Amino acid sequence: MKKRRFPKLLFLLFLLLIVAGLIFGISQKERPVGDQKEKTGLEQMADAARAVFDQEPEQVKKLREQETAQTEEGHQEYYFQLLKDQEKVIYRQMLQGIRERKEEFYLTSSEDEVIDRAYHAVLKDHPELFWIHNREAVYRTTYPGEDYSLFSPGYTYTEQEVQEIQAAMEQGYQEMTAMIPENADDYEKVKTVYTYLIDTTEYVSSDHDQNLAGVFWKNQAVCAGYARSVQYFLERLGIPCIYVEGSTKGSTEGHAWNIVLLDGQYYYVDATNGDQPEFLEGDAVQFVEHKTTLYDYLCPFPDEYREIYTASEEFPVPECTAVDKNFYVLNQGCFDTYDTEALYSYCKMRLDNGAAVVRFKFSTQEAYNEAYREWIQESYIDRVAEYYLQLYGLESVEYHYGLLENMKTMYFMF
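Computed from a prediction, not measured in an experiment: that's the story for all the values here.

## What about the sheet that holds strand 14 (residues 409–413)?
Thought 1: Across the sheet, 4 strands lie side by side as 11-12-14-13; this open sheet has mixed pairing. Of all the strands in the sheet, the pair left with one neighbour each is strand 11 (334–335) and strand 13 (400–404).
Thought 2: Examined bridge by bridge, strand 13 and strand 14 share 5 bridges and lie antiparallel to one another. Bridging across to strand 14, L403 finds its partner in M410.
Thought 3: Sitting on the sheet, helix 13 (residues 365–377) is in contact with strand 12 (357–362), strand 13 and strand 14, with an inclination near 25 degrees to strand 14.

## With respect to the nonpolar core
Thought 1: Counting 82 residues, the largest nonpolar core has M94, I98, W131, F216, F233 and L234 as its most contacted members.
Thought 2: When near neighbours in sequence (up to four residues on either side) are disregarded, F233 contacts G172, Y173, M176, V193, Y196, L197 and F216.
Thought 3: Y338, C347, A385 and L403 belong to the second-largest nonpolar core, a separate cluster that totals 24 residues.

## As for the pairing of strand 3 (residues 139–142)
For a regular strand, side chains alternate in direction, first toward one face of the sheet and then toward the other.
Thought 1: As judged from the 4 bridges shared by strand 3 and strand 4 (residues 149–152), these two strands associate in the antiparallel manner. Within strand 4, the position partnered with Y139 by the bridge is S152.
Thought 2: Count of turn residues in the strand 3/strand 4 antiparallel hairpin: 6 residues, of which G145 carries a positive phi of about 80 degrees.

## Let's talk about the sheet that holds strand 7 (residues 241–248)
Backbone-to-backbone hydrogen bonds pair the strands of a sheet. The strands run either parallel or antiparallel.
Thought 1: The antiparallel open sheet is built from 4 strands, whose spatial order is 9-8-7-10. The two strands at the open ends of the sheet, each matched to only one other strand, are strand 9 (265–269) and strand 10 (309–311). Between one strand and the next, the sheet's axes are offset by a mean angle of 40 degrees, whatever the strand orientation.
Thought 2: Sheet topology note: the strand 7/strand 10 ladder contains 3 bridges and is antiparallel. When the bridges of strand 10 are listed, T248 appears paired with Y309.

## With respect to the confidence of the model for the protein chain
Thought 1: Here the protein chain averages 86 in pLDDT, while 82% of its residues score no lower than 70.
Thought 2: The secondary structure element of the protein chain with the lowest average pLDDT is helix 1 (residues 8–30), at 41, and the one with the highest is strand 9, at 98.
Thought 3: This model gives residues 1–37 a pLDDT under 50, and the stretch forms 36 contacts once residues within four places in sequence are excluded.

## Brief notes about helix 5 (residues 112–125)
Structural remark: α-helix, 3.6 residues per turn; residues separated by three or four positions point the same way.
Thought 1: Over its 14 residues, helix 5 extends 20 Å from the first C-alpha to the last, a length consistent with the 20 Å expected when each residue adds 1.5 Å.
Thought 2: Burial of helix 5 is extensive: 10 of the 14 residues sit out of reach of the surface.
Thought 3: When helix 5 is considered as a whole, its buried residues turn out to be V114, I115, R117, A118, Y119, A121, V122, L123, K124 and D125.

## A word on the pattern of salt bridges
Thought 1: Throughout the structure, instances matching the rule amount to 18 salt bridges.
Thought 2: Residues E56 and R64 are paired through a salt bridge, measuring 2.8 Å at the closest nitrogen-oxygen approach.
Thought 3: Using a relative accessible area of 18% as the deciding quantity, one classes E56 as buried.
Thought 4: A relative accessible area of 38% places R64 in the partly exposed class.
Thought 5: Put simply, K361 and E304 hold a salt bridge, and the shortest N to O gap is 3.1 Å. Residue K361 is located in strand 12, and its partner E304 is located in helix 10 (residues 302–306); the two are separated by 57 residues in the primary sequence. Here K361 matches E304 in class, with each residue buried.
Thought 6: Counted as one network, the salt bridges with shared partners bring together E72, R99 and E128.

Reading guide: rules and limits
Residues numbered from 1 in each chain as written. Predicted model: local features only at pLDDT ≥ 70, side-chain atom pairs only at ≥ 80, totals over all residues. Heavy atoms only, no water. Pairing = 2+ DSSP bridges. Helix = DSSP H or I, 4+ residues; strand = E, 2+ residues; numbered from the N terminus. Contact = heavy atoms within 4.5 Å. Axes fitted to C-alpha atoms, helices over the stretch in contact; angles between N-to-C directions. Core = buried A, V, L, I, M, F, W, Y, C linked by side-chain atoms within 4.5 Å. Buried < 20%, exposed > 50% of the residue type's maximum accessible area, 1.4 Å probe, protein only. pLDDT = per-residue confidence, 0-100. Expected span 1.5 Å × (residues − 1). Salt bridge = Lys/Arg side-chain N within 4 Å of Asp/Glu carboxyl O.

Take a look at the structure:
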């Protein structure tokens, strides 16, 4: 939102400048070129009026003299790199003012598009600035004929709350890093972040659901809170991670997720969708022992993910094409074709290894459809249940299944 101020003093100076400028213009025409005679009183008044009216605030002058840092240690700043030179200048000025929690501060631009793109880039690059994200509007004051403005981002939390939230963020980071296996590669670190956030956060709408405060302070958030927290953790771990905003394909429903760089390849990561126990069949969701993390959205197949979500067009994002780090590919649980006995052998192997959840996916719709027909509609899943009984010497077992049709995935849970 933009508002304009016209103080009485500036209005009077404006009138003074018009009158003095007219007089000065007439005097200039009458003065021969090279004439060095002293200016008249009216001419001096015109010069003084012009100097007062045209003079930028000292803060603006100092801002124009500052160099614009092209990188910042500890932050990838993917969106900063996409900005034009003037937008980068405004980005740095905003970042400084917001970090210092100034109620208002000068920017060396008054152009709406420049300011908006820089502001959006700051929000996407810096999840740690949680105290501004829930604002629905920002304010800026522009001045007629001047290329600078006053920017008022507005803040959500008090200083005490900011400190409490930052302490909760640090505690969460320490808890998460303690879960990372020794000598873990970047994929294992991303998986740990993904699992930790799903285990400690409940998908709930609230006043804090868009930022880190929701995740670490209230343990409740929606997609923006999850995605910003993934970005916050991975940046601290030194893993390139991009926050992405977009929409659910075929609707106006918004969504947020991440793109991470692993071994030179970009992958999608969507912790929000990994936290959806309601996918289970029947009343299985009520069983605590059946709570499981859905790794389908940890490095999912790119074409499957893009069938669900579309990124915003405001900024371009890297193209994801690789499947090497897909959870099922890494765990030999992805099948290109359907074979009854091959799938049965896989299920037995998983149970032999102590798994209470057997999950697998198919890379083609045809293979998934065949498996669904036999294992769900024709109850071939009973064969796995019978093997489970024999394995553990039981007389009966209650089992459930879950389906993620859009990801061509099946879950058997005992």
